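Architecture and fold: a report
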Amino acid sequence: MTPDAFIERYQDTEASERGAAQMFLGDLCDMLDVPRPDPPRAETRKNQYVFERRVDYPEQSDRQHGYIDLYKRGCFVLEAKQGSDAPAETESERLGVEEPTRRYGTARRDRREWERAMQRAKNQAYRYARGLPATEGWPPFLVAVDVGHCIDLYADFARQGKNYVPFPDAKSHRIFLEDLRDEAVRERLRAVFAEPLSLDPTRRSTAVTRQLAENLAKVAASLEEDHDPDRVAGFLMRCLFTMFAEDVELLPPRSFTELLERCRGSLDAVPKILDSLWATMDEGGFDSAIMEDVRAFNGSLFEDHDALPVSEAQLELLIKAAEADWSDVEPAIFGTLLERALDPRERHKLGAHFTPRAYVDAWWCPPSSSRCARSGTPPRPPPRSGRRTATTRRPARRSCSFTAASAT
C-alpha cells in the first residue's frame, strides 16, 4: 500500500476504536513494508508480536489483567484510541429537521480533552509495559495512536522503565497522517517495528564520535610536532565548537565548512581568517569572511582567538571533520574528543581542563534555567551590553545532559 493510498483510506476515520485500530495498524505494516502481527496463540508467553496481548497486572493493581492493543517483544507496546474532528453541521441539522447522530470516539480533537486522552493512552501503554514478564524486559518504545490521525512515540533506550520521553523530541514525536508521505518519517516508524535500538541517538553519536576522534587525532599529532600542546588543544576546541555551531544553526549552515574549503590553495590566509571569525564570535557583529552577522558567544571560549597555521593535509582533515553532522555529537564529549586526539603524555595535563562544561552551559542555558542550578554549573555570564548573544535561541532538538570528562 502506498502512503497516499493509506492516507486517503484513513483520513476520515471516526469509527469505534476497536473496530478500526487493527485494520489501521495492519495496513500501516503493509505501507511500511514490515510483517503484519502474528495470529495469537493460547500460551501467552509465545505471543511475541500480536494484537490483544494479555498482560497480568501486579497484585496491588485494581485489575487482574489487561490487553495490549499491539505488542512486539523488544520493540514496543502500543495503545490505540479513536478521536474525531470537529463536525461540520449539515443543513438538515441546522434547520432542525434531524438530530445529529455522530460518534465522537475517545474525544474531539479540537478540545483539550483530546490531549489528555492521548496522555492517558501513553500512561496505559506504560502500565502494560510494567506488567510484562521480567524475561521480556521493558520495550524501547511506547506508542500512542489516534487511529487515522496521529502516532505518538516515546522512547527509553536504557530499557529500565524510568524515563519514556518524546522521541525524537517534544516537537516532533507526534507523527500526523500527512507526515507519512515523508520517507524519513516512514523510515523512523519502520525502525520502531524492526530495529528500534538503531534509533538510539547515543549509538549514532558513538559512530560519529569514533570517526571524528580518528581525524582529530591525526590533526593533533601533526600540529604538536610544531606547536605547544596547549595551543593545539585550544585551537582544536575552537574548531570543534565552530563546527558544532554551524550544524545547530548558531552560525549559518555550512558557513565554517565552506570557509575552510575556500582556503584550499591559500594556506597563509587560514590563521588570519579564523582569528578574525573567532574574534567576531567573541564580540558579535558582521564577519567579512562568512559575509554574515554573527552573535556574540558567551562563555569566554573565543576570548583567546589564536589560530594556528595548517598544512594542506591538516586543512583537508579539518574539512572532513567539519562535513560530519555535529548535531549528532553531544557537546559534553568535546573534552573527551580532545583527550583522545592529544598526545597521551599531555592528557593528564589537558584532559579535564579542556572539558568545556562551563562553555556549553553558557551557550545553552537560559538565565533562569533550573538545570544549571541542579547540575551545580556556574551561572552564565551576563550578555555583553547592546549585543545579541548565541544564548538567545536554543534549538529544541538538543539534549541538555552534560558530563565533564576526566583526565586519563
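Residues numbered from 1 in each chain as written. Predicted model: local features only at pLDDT ≥ 70, side-chain atom pairs only at ≥ 80, totals over all residues. Heavy atoms only, no water.

Of regular secondary structure, the chain possesses 14 helices and nine strands. The buried share of the chain, taken over its 408 residues, is 50%. Across the chain, the fraction of contacts at a sequence separation of at least 24, relative to all contacts at a separation of at least 6, is 63%. (Helix = DSSP H or I, 4+ residues; strand = E, 2+ residues; numbered from the N terminus. Buried < 20%, exposed > 50% of the residue type's maximum accessible area, 1.4 Å probe, protein only. Contact = heavy atoms within 4.5 Å.)

When the pLDDT values of the chain are averaged, the result is 78; 70% of them are 70 or greater. Of the regions scoring below 50 in pLDDT, residues 346-389 engages in 100 contacts with residues more than four places distant in sequence or in other chains. (pLDDT = per-residue confidence, 0-100.)

For the structure on display, the rule yields 21 salt bridges. A salt bridge links Arg-53 to Glu-136, with the nearest nitrogen and oxygen atoms 2.9 Å apart. A residue pair is termed long-range when its members are at least 10 positions apart, and Arg-53 in strand β1 (residues 49-56) and Glu-136 in the loop between α4 (112-130) and β4 (141-146) qualify at 83 residues. With respect to burial, Arg-53 and Glu-136 carry one shared label: buried. Note that Arg-174 and Glu-115 form a salt bridge whose closest N and O atoms lie 2.8 Å from each other. A residue pair is termed long-range when its members are at least 10 positions apart, and Arg-174 in strand β7 (residues 174-176) and Glu-115 in helix α4 qualify at 59 residues. (Salt bridge = Lys/Arg side-chain N within 4 Å of Asp/Glu carboxyl O.)

On to the packing of helix α8 (residues 255-262) against helix α10 (residues 312-322). Axis angle and axis distance: for two packed helices, these are the angle between their axes and the distance between the axes, and together they describe the pair. Contact geometry for α8 and α10: axes closest at 9 Å, N-to-C directions at 160°. Our classification of the angle between α8 and α10 gives roughly antiparallel. Where α8 crosses over α10, the two elements pack in a sense that is left-handed. Here Thr-257, Leu-260 and Glu-261 of α8 come into contact with α10, specifically with Leu-315, Leu-318, Ile-319 and Ala-322. Classifying every residue of the contact of α8 with α10 by side-chain character gives five nonpolar, one polar and one charged. (Axes fitted to C-alpha atoms, helices over the stretch in contact; angles between N-to-C directions. Parallel < 35°, antiparallel > 145°, perpendicular 65-115°, else oblique. Left-handed = near helix turned anticlockwise from the far one by under 90°. Nonpolar A, V, L, I, M, F, W, Y, C, P; charged D, E, K, R; others polar.)

Here the focus is the environment of Asp-12. In this fold, Asp-12 is placed in the loop between α1 (3-10) and α2 (17-32). Distance from Asp-12 to Gly-148, taken between C-alpha atoms, is 6.9 Å for residues 136 residues apart in sequence.

Another point: the environment of Gly-234. Position of Gly-234 among the secondary structure elements: in helix α7 (residues 229-247). A sequence separation of 67 residues divides Gly-234 from Leu-301, and the C-alpha atoms of the two residues are 8.7 Å apart.

This part takes up the side chain of Glu-136. Note on Glu-136: relative accessible area 6%, which makes it buried. Side-chain polar atoms of Glu-136 contact the side chain of Arg-53, separated by 2.9 Å. Excluding residues within four positions of it along the chain, Glu-136 makes contact with Arg-45, Arg-53, Tyr-71, Arg-73 and Arg-159. (Polar contact = N/O pair within 3.5 Å; in protein donor to acceptor, adjacent residues only side chain to side chain.)

Direction vectors running N to C along α7 and α8 enclose 125°, while the axes themselves pass 7 Å from each other. As far as their axial angle goes, α8 and α7 are oblique. For the pair α7 and α8, the contacting residues are Cys-239, Thr-242, Met-243 and Glu-246 in the first and Ser-255, Phe-256 and Thr-257 in the second.

Residues Phe-167 and Pro-168 are joined by a peptide bond in cis, for which omega reads 0°. Within the secondary structure, Pro-168 sits in the loop between β6 (165-166) and β7. Positioned with a positive phi, Glu-52 is a non-glycine residue whose angle comes to about 55°. The residue Glu-52 is located in strand β1 in this model. By relative accessible area, which is 27% here, Glu-52 ends up partly exposed.

Taking 1.5 Å per residue as the helical rise, helix α5 (residues 183-194) with its twelve residues ought to reach 16 Å, and the 16 Å between its terminal C-alpha atoms agrees with that figure. Among all positions of α5, only Val-185, Arg-186, Arg-188, Leu-189, Arg-190, Ala-191, Val-192 and Phe-193 are buried. Among the residues of α5, the N-terminal cap falls to Asp-182, whose side-chain oxygen and the backbone nitrogen of Ala-184 are separated by 2.8 Å. (Expected span 1.5 Å × (residues − 1).)

The subject of this paragraph is the environment of Asn-123. In this fold, Asn-123 is placed in helix α4. Asn-123 sits in the partly exposed class, given a relative accessible area of 32%. In this structure the C-alpha to C-alpha distance between Asn-123 and Leu-142, which are 19 residues apart in sequence, comes to 9.1 Å.

Let us look at the packing of aromatic side chains. Under the defined criterion, the tally for this structure stands at twelve aromatic pairs. A centroid spacing of 5.1 Å and a plane angle of 50° characterise the contact between Phe-6 and Tyr-10, whose relative ring orientation is tilted. Residue Phe-6 and its partner Tyr-10 are both found in helix α1; the two are separated by four residues, about one turn of the helix. Both residues of the pair, Phe-6 and Tyr-10, count as buried. Following the ring pairs from residue to residue traces out a cluster consisting of Phe-6, Tyr-10 and Phe-24. (Phe/Tyr/Trp six-rings, centres within 6.5 Å; stacked < 30°, edge-to-face > 60°.)

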